[in-house]
Structure formats: C-alpha cells, structure tokens
Amino acid sequence: MDTHSRMAGLAAAVGLLLVLALGCSSKAIQTASDSSTEPGVSKEPRVSEQDLLGKSPSAPGQGRQSKDIAVAKVEPSDAARRHAEDIRRERVATAIAGIEDVFFGFDSWNISDEGKHALEVDAQWLKSNPEKMVTIEGHCDERGTQAYNLVLGEKRAKAVRNYLTELGVGTGGLTVTSYGKERPFCEGHDETCYQQNRRGHMTLRVR
Amino acid sequence: MRQNSIVPVIAYLVLGAGFVGIMESGAADVFLEATRPDFQKIPVGVLEFQSVMAPANAAERVAEVLKADLRRSQIFSVADLVKLGIKVDEKLELLDGAQLPLFKQAADNGVAALVWGKMATRDANLVLDGYVYDGGTAELLIGKRYVGAPSTLRVMAHRLADELVSRYTGEPGIARTKIAYASDQRGGREVFVMDYDGYAPRQVTADGFLNLTPEWSRDRRSLVFTAYRNRRNQTIDLIELATGKRRTLVALAGLNITPSLSPDGRYLAFATSQDGNSEIYTLDTRTNELQRLTFQAAGDLSPFWSPSGRELVFTSDRGGGPQIYLMNADGSNVRRLTFEGDYNAAPAWSPRGDWIAFVCRSQEGQFKLCLITPDGQKRLQITTGPGIDDSPSWSPDGRHLVFSSMVNGQSHIFMINRDGTEQERLTSGGTHHSSPSWSPA
C-alpha cells in the first residue's frame, strides 16, 4: 500500500513535469487589459493587467479569466427607522383594540382551542369595526430552513384568516403574509421562546 | 509488473488535469472530473515577494492573500519554503538561470512550481509583477503585471491565483468570485455582496425592511432576490449590480419566494402562493409568460436548476414533512429523491452535476448539510455540531460550498470543502448574515 502510494506520488510529479514541458512551456496567456468600463458603472477601482512574457497565446485555460464583478455603492437610507415607527404605532393600535395573537405547535398550523378563543374575541371586534384593515403575519421558531418556514408561516396566517372568515369576518379587510423565522418576538433559543415565536400575529393597519 | 502498470494510469490522470479539464458525459446532468479520484495537489512554493519602494507590508500582504487563495483552491498545496530553507536574495532583479541551485533545491523538495513577485509603486498605484516558474526546469511559465489603486491589492493577488489555477487545470479559478447574502443592517435586512473569502462586503439594497435569498444571474451582472420592500408588497426583484438599477419580476398575489435563474438566464423558477398554497412556476423573462409546474395541495418551494437547465430539484411537503424532489423543467416526471430523515429542504445542484446539497435533520435532531447524488444512490452528511445550517450554495468549481449557520441566534456564513473539511467562517461582526449564494466564475 505504502509503496503504491509513494509510486503514485512520484508518478504524479513526473506527470506534472510532462504537462509543463509539453503543454505549458514557452506559451503565454495574453489577456487584453481588463480595465474597460461600461457606461454608468460604479467607480469601483479596477486593476489593469499586462502579460510580461508577451508570447503567443493558446495555453490551456486561456480566455477563462472573466472580468471583475463591479458592485455599485448604495446610499444608506432611513427607511428602517420609518418602518420601525410604523410597526410601533400599529402595535399600540392593536393592543388598544384588544386584538390577540394565536400560537401554534411545532411544524403545525392547526389552531388550538386556546387559539380559537382568542380568534373569537378578535372576530367580535373585527365585525364591529368592518372598516378596519388587519394584516395576519405568520411567524415560526428558528428551527428548520428559512424558505420552508416562510411557507409554514403562511400556512399559519391562512389558517387564522380561514377561521376568522368561518366566524363571519369579511375577507376584504384581512391580508395575510409570512415572515417565517426572520422576525422573531422572543430572542431566546429554547422552547419557552420558540412557543412565543410560532404565532399568527395580528396587526391593525394605521392610516 | 504491478507498479509499472500504475505509472501510465496516473500520468494519464495528471495529464488529463492539464488538457482535458472537465469532460461531459453525454447522457445525464453529471460532469466527470478527469482529475478524480486520485488527484494529488500540486505543491507550489511562494517565495518572499520583493518590495520596491512599495507601501509597508504590501509585498507581504499580497503574498499572504495569494497563499490563502492557492490553499483554498484545492488544486495546490503551499510548501513552506522558509522551513525548507529556500529563499532568494532580497536585492534580486529577476529570477533566472543564476538561481538554478535554488530551483534544484525546490524540485528536490517536491515543489512543482515557484511563485515570485515584486511589489512597486507608480504614481498613486501599486504595481505587482507576478512570476511563476517550473520548479524542475526553472522555466518562466507566467509573467503578469497588475496595476491598480492601493485598495485593489487583494484583487491583484486573486488574479495571480486564478492565473495559476487556469494554467494548471484549464478551469477558471474562484479567487475573484463573490458571494451574495442577506445581512442585518441599520434595522433592516439588506442584500450584500462580498469577496469569496469574506473581504470587502458591499451593501446592495437599502430598503430598511426584509430581503432574502439573493441568487446570481449567469453573467454575474445581476441578482434576483425575495424582497419585502415594505409590509404590504412582497415581490421578486432583479438588481443590476454595477448600476443599482432595480425592477420587479414577480408581484403575484401572495408569497413570492425562492427565485432561481436558469443556466441560460432566460427562465426564472420560483414559488408563489397565488393559488392558495406554495406552487412552483417558471417565468420566461423574454416573453413574461408564466408556466405553472406543480399542482399539489401541499407546499412546493425552493426550485433549483440542474446545470443543463433540463431539470429542477425542489422541496415539497406533499409526503408530510419537507423532502427533496426532482422534476423536468416542464413539470413532468416528478420523483422523490430523499427518503432518509423527516426533514430535507433547501436543495442546490452542484455546477458539476454530480451532487445535490441540501439541509437535512441529523439523528441528533440538528439541521445540517447533506449531499446526495441525483440518482439517490449515495447520501452523506458533511457538517456536524449544534448550529442550524441553511442555504447551501456551491462554488462554481464544485469543490466548495457556502452556507449559513446559526448558533445562539447569531447567524454567520461559512465556507467548507465538498467533503466537509476545512470549514472557514467568512463573516465577522454583526449578528445576522444569511442566505449566501456563490457567483459563477
């Protein structure tokens, strides 16, 4: 075994020298300068390239080098602050109205009896305030993949919407969305927190 | 007798590495690496780079970046020349025949190629001259001059590394590829792009709310991603990186997620819930024509194209929990690929076609990375430990993966070799970096 692998190593080295001797010697890759700029491109500094051997091309790999990827700079915005302010105001309005959230079991979108009670309260309020718009956000705990949790969160939000309509709430004022595991309510990493994060979160739209 | 027969085989394999590169097998979506399985790394020695009035440490830094690139390439091993006692006179103008003893010394230590460079300053720019010599014959194989602003030092090193890779394998290197990802910034989650080694992060969006799962266009000019520009509109957008120009591709009623562009760039596969539950569609970006591919009461999501564009791999919970399925690009010929474990999701097809990476739940209940062959014959788990792993994405050479891993609520991006070795954290600072996607080469 040892002899074989040593032989293999030696053979590989010999093979390499052959590659270099036959294939690569005295040939140079000649690449045109890569510093060309497209119109309207960001001012990311470019690197220019020159072949110092200046011989004929056609070595293996010739032309396989692609251009650098240019990425424009983005201006920072205060959009996050505005979103946070909207969310805060909606949270206050939702609390004042007494609208409650619904919680779910692991990987489940079934509404528990407790959840049904909460939604009955919510339905009462929504039926007496038919002009109000509510967004139902589906949320998940941190386990599993981002993408699958987006779908799971939407199933939860839709289960909530379906139960509300069963209770006679008009669908016109209800919007569903899902944030999967991306915007947790509780930042811990145990079941106490997880059960807080598996929820159908009701937000009363302000304006 | 036995030993004699080995030599030509190995020589063929190694020669194949130089001339053939990748061979395509006609039938399926699998590309065979001519260099496997006996490929031995090529030992390269990087000599101390010379500084000619260059800024402090510039010569050392460029050599360090180059060495890291060569190691990461998996094509080369970097010999420690200092330990071997191999060094050049620091006043040397050019390595030439006069240094033959030095090359002989290197060759005797198994070094197949020697890299030497000079870093100088011209006007406000750095000038890097990089040379690659055959370790045995001392022949000059590569000589390149790179000129750029001081901020491009790493790019220069990456270029020289890619030059070596393409010279020795016939394939493009990955040192100048980039990784797109989502990162928490100023209260919002924005799309970012960083170098493949985690350096030079650049913010691409500034929406202030939530953006997810950026994916590259084949020409590397654009990203498609899931955009929650605000809490009312959830779309799939395309952004042109060089200009920041942005347009919405998909704004169907419901959730529009997990975009993936076909290898020819024409079709966008994605999942939308406009039909009530998540279904997979393709959008012909030339005609704006939509085609629905899945018809299930369950969730279908995360479509990802095979390298040929003929098939899609995706996640579906039609069998109960999430599992990986395959189908033709027109939605026909659906078959289930994963049967082991109760949670398999987020598939990504290797650019070589030979493996599909995905998130699996381990026997310990952890979310880890697994690989499976498209015929389902071979399956293996390549990460371990407590982190919640997600969003595997392949390097264009198929030798590495990037993924996110969350421990105690902190999510970072890691690079790992296909065989699960040499895990390397790419992001530093911040608390949430996720959904990485590796650019084409």
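Residues numbered from 1 in each chain as written. Chains lettered and ligands numbered in written order. Predicted model: local features only at pLDDT ≥ 70, side-chain atom pairs only at ≥ 80, totals over all residues.

A. Focus on the packing of helix α2 (residues 58–73) of chain B against helix α5 (residues 153–169) of chain B. Residues and elements named next belong to chain B. Where α2 contacts α5, the axes come no closer than 8 Å and their chain directions differ by 40 degrees. One finds that α2 runs oblique with respect to α5. In this structure, α2 crosses over α5, and the sense of that crossing is right-handed. For the pair α2 and α5, contact is made by A58, R61, V62, V65, L66, D69, L70 and S73 and by L153, R154, M156, A157, H158, L160, A161, L164 and V165, respectively. Looking at the contact of α2 with α5 residue by residue, the classes come out as twelve nonpolar, two polar and three charged. (Axes fitted to C-alpha atoms, helices over the stretch in contact; angles between N-to-C directions. Helix = DSSP H or I, 4+ residues; strand = E, 2+ residues; numbered from the N terminus. Parallel < 35°, antiparallel > 145°, perpendicular 65-115°, else oblique. Left-handed = near helix turned anticlockwise from the far one by under 90°. Contact = placed C-beta atoms within 7 Å. Nonpolar A, V, L, I, M, F, W, Y, C, P; charged D, E, K, R; others polar.)

B. Expanded view of α5 of chain B. All names here are of chain B. For α5, with 17 residues, the first-to-last C-alpha span of 25 Å sits near the 24 Å given by 1.5 Å per residue. Buried residues dominate α5, accounting for 17 of its 17 residues. G170 lies just past α5 and shows a positive phi near 75 degrees. (Expected span 1.5 Å × (residues − 1). Buried ≥ 20, exposed ≤ 12 C-beta atoms within 10 Å, placed from the backbone.)

C. Fine view of the nonpolar core. Formed by 135 residues in total, the largest nonpolar core has its most connected members in V44, V62, L66 and I356 of chain B. Looking at this core, the element that brings in the most residues is α5 of chain B, giving nine residues. Both domain 1 (41–169) and domain 2 (178–438) of chain B contribute no fewer than three residues apiece to this core. Not counting residues within four places of it along the chain, the set of residues in contact with V44 of chain B comprises L70, F76, V78, A79, V111, A112, A113 and V115 of chain B. L119, L126, V134 and V176 of chain A belong to the second largest nonpolar core, which has 16 residues in total. (Core = buried A, V, L, I, M, F, W, Y, C linked by C-beta atoms within 7 Å. Domains from an automatic or database assignment.)

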